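Tertiary structure, described
The chain contents come next:
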Amino acid sequence: YWMRVNSLFALRHAGFDEPVYDYRFHQKSLTAQDEELGITRGRERLMIFDDFRRDFYLSPAIWIIEEDESPSGRVRQAAEQLRARLRAAGHLLYDPRRYGLDALPRLWAPLIHARLTSQPAEAAPPPGGFNGLRALIATGDDPLPADISEAWDLGIALGGAGKLPRLERDYQGWLGARDVAAAFACLDIRAKENHLRRIEAEVEDTPAPTLRASVVICTYRYNERLANAIRSVIQQSMPRAEYEILVVNNNPANTAVAGLVDQLRAASFREHPGLLRLIVCPIPGLSAARNAGLAEAKGEVICFLDDDAAAEPDWLERICAAFARHPEAGVVGGPITLKIPEPRPGALRPGWEKYWSELRTGHTAYTELRYWWEFPWGANWSARRKALLAIGGFRTRYGRCGNNYWGGEEMAAANLIQRAGFKIGFEPAARVLHDVDPGRFTYAHVRRTMTAGELVNYLLQRDLYIPMETTLGAAIARTLFSYGIDPALEAPLPVRLWDMLARKSAHVRLLRLQLADHRARLRPPAVREPLCQEPRR
């Protein structure tokens with residue numbers, strides 16, 4: 001309870017030290033029955049899910065905002081203020097011209113339908129089949145009706161003046177909001193709380209898988225590399241009826257992706273058309289798109305393949321076999337080989353392949369990985385659906401968004417899955433080829449990837465996903481006194497010096513971020529005076 005309150009509001013301690021209640025410990029108390037009830041054993045799982053809850057509260061929602069057919073000035077003004085408010089908060093307005101509501105994932109995409117009216121007594125019920133929160137917002141001075149359609153989840157009276165009539169249905173409410181900002185906060189909290197209950201129900205009672213695997217390919221662009229990625233999964237050695245392909249379009253404005261999926265479905269999935277599906281995820285970011293795939297996946301194992309990668313024909317068979325042989329495994333990854341263009345770009349120096357996601361290890365057989373720096377990433381990363389559900393999916397504050405260079409969502413997820421009791425494995429026989437756009441082989445790409453890696457590594461530590469190693473003092477020493485040349489780099493002296501300067505620049509960015517965090521921790525509290533002077537009698 002207090003964690004949920006702290007996620008949404010500010011908790012402060014009272015201004016006195018005297019005890020105000022006694023805690024009685026006895027043989028029948030819950031604490032005394034810790035072992036048989038598994039309280040301590042379940043605490044880690046609850047803390048992991050609370051971490052997801054905090055992340056989810058800060059994620060965007062998708063809004064449908066309607067007005068009266070002939071709106072008054074107050075209705076029109078309130079609607080514009082609400083639209084401005086949600087845009088400022090990073091939320092999204094639904095655009096029916098680009099996708100239908102049925103193309104959205106069931107989970108991880110909260111929906112809010114708000115209708116603003118000056119005549120709430122005459123408001124028609126919202127359309128059926130809407131998978132989200134439905135709110136009626138009254139903006140006029142007309143008396144509020146004591147009865148509204150059960151299709152509305154709640155009613156909000158802007159201004160909140162006067163006595164609010166009680167509605168018959170529990171939780172339907174009439175709530176008084178002082179202004180549009182308060183109404184926005186109310187709807188945001190209520191919609192996400194409702195959606196969280198649905199996700200928790202999915203976690204606690206996970207539906208049985210109907211397929212061996214689900215392959216999720218997230219994209220925000222359309223090109224031949226995306227088509228090659230999908231074709232490489234179509235051509236797997238695993239029988240086609242045993243797996244599905246989910247293409248997640250993270251850019252609804254790009255309608256060409258839907259055409260490509262339709263074309264490939266007609267050519268290769270005539271007998272099983274439901275096994276190649278398109279999902280629309282308008283919430284930007286790779287983590288949001290991956291969660292959309294998780295929400296719709298029907299496979300026991302979910303395999304994530306980049307939209308510019310091509311899987312070997314036995315890739316899926318190898319991944320599923322590794323999970324079958326190792327039931328304790330929650331995550332399994334594999335090698336990523338970078339496709340080298342001809343001629344080799346000047347910026348692609350030997351030792352820099354990792355900046356284009358190449359992953360090579362010395363493992364020759366399946367290996368269990370213990371430490372976070374060994375964990376797999378990126379274009380070749382798979383997880384059991386139940387393990388990924390147990391942690392609430394990927395954290396949306398990590399992961400690439402558009403053309404930025406941020407990542408880290410797989411690292412955070414793998415560490416949380418390990419904390420949840422699963423193992424992390426590497427299968428060297430499950431290979432993919434990373435076919436990077438030649439335009440990305442630049443020194444600017446190396447510098448931006450290097451900087452993003454330093455910052456994301458620190459954020460993972462700060463958010464307690466990996467052990468804290470980058471202290472402020474160590475960052476200062478590294479920035480000022482270490483040379484920081486990559487020992488794996490094979491290049492002439494000018495390139496090595498450039499590598500050193502780029503690394504120094506990344507360290508300076510890291511130092512600035514750590515100093516900002518340090519200043520934030522030293523900032524005085526918003527409330528200085530005690531909130532309560534005397535203990536309650």
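Our structure's up above, just so we're on the same page.
Residues numbered from 1 in each chain as written. Predicted model: local features only at pLDDT ≥ 70, side-chain atom pairs only at ≥ 80, totals over all residues. Heavy atoms only, no water.

**Comments concerning the overall build of the chain**
- For the chain, the count of helices and strands is 14 helices and 17 strands.
- Dimensions of the chain, computed from the C-alpha atoms along their principal axes, are close to 75 × 65 × 55 Å.
- Counting only residues that meet the buried cut, the chain has 48% of its 537 residues in that class.
- Across the chain, contacts joining residues at least 24 apart in sequence account for 73% of those joining residues at least 6 apart.
- Accessible area of the chain: about 27,200 Å², with a carbon and sulfur share of 53%.
- With 70 positive and 65 negative side-chain charges, the chain shows a separation of 4 Å between the mean positions of the two kinds. (Helix = DSSP H or I, 4+ residues; strand = E, 2+ residues; numbered from the N terminus. Buried < 20%, exposed > 50% of the residue type's maximum accessible area, 1.4 Å probe, protein only. Contact = heavy atoms within 4.5 Å. Areas by Shrake-Rupley, 256 points an atom, 1.4 Å probe, with all protein chains shown as cover. Lys, Arg positive; Asp, Glu negative; His and termini not counted. Charge placed at Lys NZ, Arg CZ, Asp CG, Glu CD.)

**Notes on the sheet that holds strand 6 (residues 174-177)**
- A sheet is described by the order of its strands in space; here six strands give the open sequence 2-1-3-4-5-6, paired in parallel fashion. In this open sheet, the two strands that pair with only one neighbour each are strand 2 (92-93) and strand 6.
- As paired strands, strand 3 (residues 111-117) and strand 4 (residues 133-138) are joined by six bridges and run parallel to one another. Following the sheet pairing, Arg115 is matched in strand 4 by Leu136.
- Helix 4 (residues 73-88) contacts strand 1 (62-67), strand 2, strand 3, strand 4 and strand 5 (154-158) of the sheet and is inclined by roughly 170° relative to strand 1.
- Across the face of the sheet, helix 5 (residues 180-204) comes into contact with strand 1, strand 3, strand 4, strand 5 and strand 6 while running at roughly 165° to strand 5. (Pairing = 2+ DSSP bridges. Axes fitted to C-alpha atoms, helices over the stretch in contact; angles between N-to-C directions.)

**Notes on the packing of aromatic side chains**
- Under the criterion given, the structure shown has 16 aromatic pairs.
- With 5.0 Å between their ring centres and 35° between their planes, Trp356 and Phe441 make a pair best called tilted. Taken as a pair, Trp356 in the loop between strand 13 (336-338) and strand 14 (367-369) and Phe441 in the loop between strand 17 (432-434) and helix 12 (443-462) lie far apart in primary sequence, 85 residues in all.
- Assessed through its relative accessible area of 6%, Phe441 is described here as buried.
- Ring pairs connect the aromatic residues Phe49, Phe52, Phe56 and Trp108, which therefore count as one cluster.
- Sitting over the ring of Phe269, Arg240 keeps its end group 5.3 Å from the ring centre.
- Its end group placed over the ring of Phe394, Arg290 keeps NZ or CZ at 5.5 Å from the ring centre. (Phe/Tyr/Trp six-rings, centres within 6.5 Å; stacked < 30°, edge-to-face > 60°. Lys NZ or Arg CZ within 6 Å of the ring centre and 35° of its normal.)

**Remarks on unusual backbone geometry**
- Omega for the peptide link from Glu342 to Pro343 comes to -5°, which places this bond in the cis form.
- Within the fold, Pro343 resides in the loop between strand 13 and strand 14.
- Backbone geometry places Trp108, a non-glycine residue, at a positive phi of 65°.
- Following the sequence through the fold, Trp108 ends up in the loop between strand 2 and strand 3.
- The exposure class assigned to Trp108 is buried, which follows from its relative accessible area of 9%.
- The phi torsion at Leu464 lies on the positive side, around 70°, for a residue other than glycine.
- As for its placement among the helices and strands, Leu464 is situated in the loop between helix 12 and helix 13 (472-481).

**Some remarks on the pairing of strand 9 (residues 276-280)**
- Counting buried positions along strand 9 gives four out of five residues, so the element sits mostly inside the fold.
- Looking at chain direction, strand 8 (residues 243-249) and strand 9 are connected through five bridges and run parallel. Looking at the pairing, Val247 lines up with Leu278 of strand 9.
- After leaving strand 8, the chain enters helix 7 (residues 256-268) and then returns to the sheet as strand 9, a path that is right-handed. (Right-handed = clockwise from strand over helix to strand, strands pointing away.)

**Points about the environment of Ala121**
- For Ala121, the position within the fold is in the loop between strand 3 and strand 4.
- Judged by relative accessible area, Ala121 falls into the exposed class, the value being 59%.
- Along the primary structure Ala121 and Arg397 are separated by 276 residues, whereas in three dimensions their C-alpha atoms are 42 Å apart.

**Digging into the side chain of Asn254**
- By the secondary structure assignment, Asn254 is in the loop between strand 8 and helix 7.
- Those residues in contact with Asn254, other than ones at most four positions away along the chain, are Tyr220, Arg221, Tyr222 and Asn249.

**Some words on the pairing of strand 10 (residues 299-305)**
- With six of seven residues buried, strand 10 lies mostly within the body of the structure.
- With five bridges joining them, strand 7 (residues 211-219) and strand 10 adopt parallel strand pairing. Note on strand 10: the bridge partner recorded for Val216 is Phe304.

**Some words on the packing of helix 6 (residues 224-234) against helix 7**
- With their axes 11 Å apart at the nearest point, helix 6 and helix 7 run at an angle of 30° to one another. One finds that helix 6 runs roughly parallel with respect to helix 7. Once helix 6 is placed against helix 7, the crossing between them reads as right-handed. Taken together, the residues of helix 7 that come into contact with helix 6 (itself represented by Leu226, Ala227, Ile230, Arg231 and Ile234) are Val257, Leu260, Leu264 and Ser268. (Parallel < 35°, antiparallel > 145°, perpendicular 65-115°, else oblique. Left-handed = near helix turned anticlockwise from the far one by under 90°.)

**Quick notes on the packing of helix 3 (residues 39-57) against helix 5**
- It is the contact of helix 3 with helix 5, at a shortest axis distance of 11 Å, that shows an interaxial angle of 145°. The chirality of how helix 3 crosses helix 5 is right-handed. Two secondary-structure elements touch here, helix 3 through Arg45, Phe49, Phe52, Arg53, Phe56 and Tyr57 and helix 5 through Asp188, Lys192, Glu193, His195, Leu196, Ile199, Glu200, Val203 and Glu204.
- By residue class, the composition of the contact of helix 3 with helix 5 is seven nonpolar, one polar and seven charged. (Nonpolar A, V, L, I, M, F, W, Y, C, P; charged D, E, K, R; others polar.)

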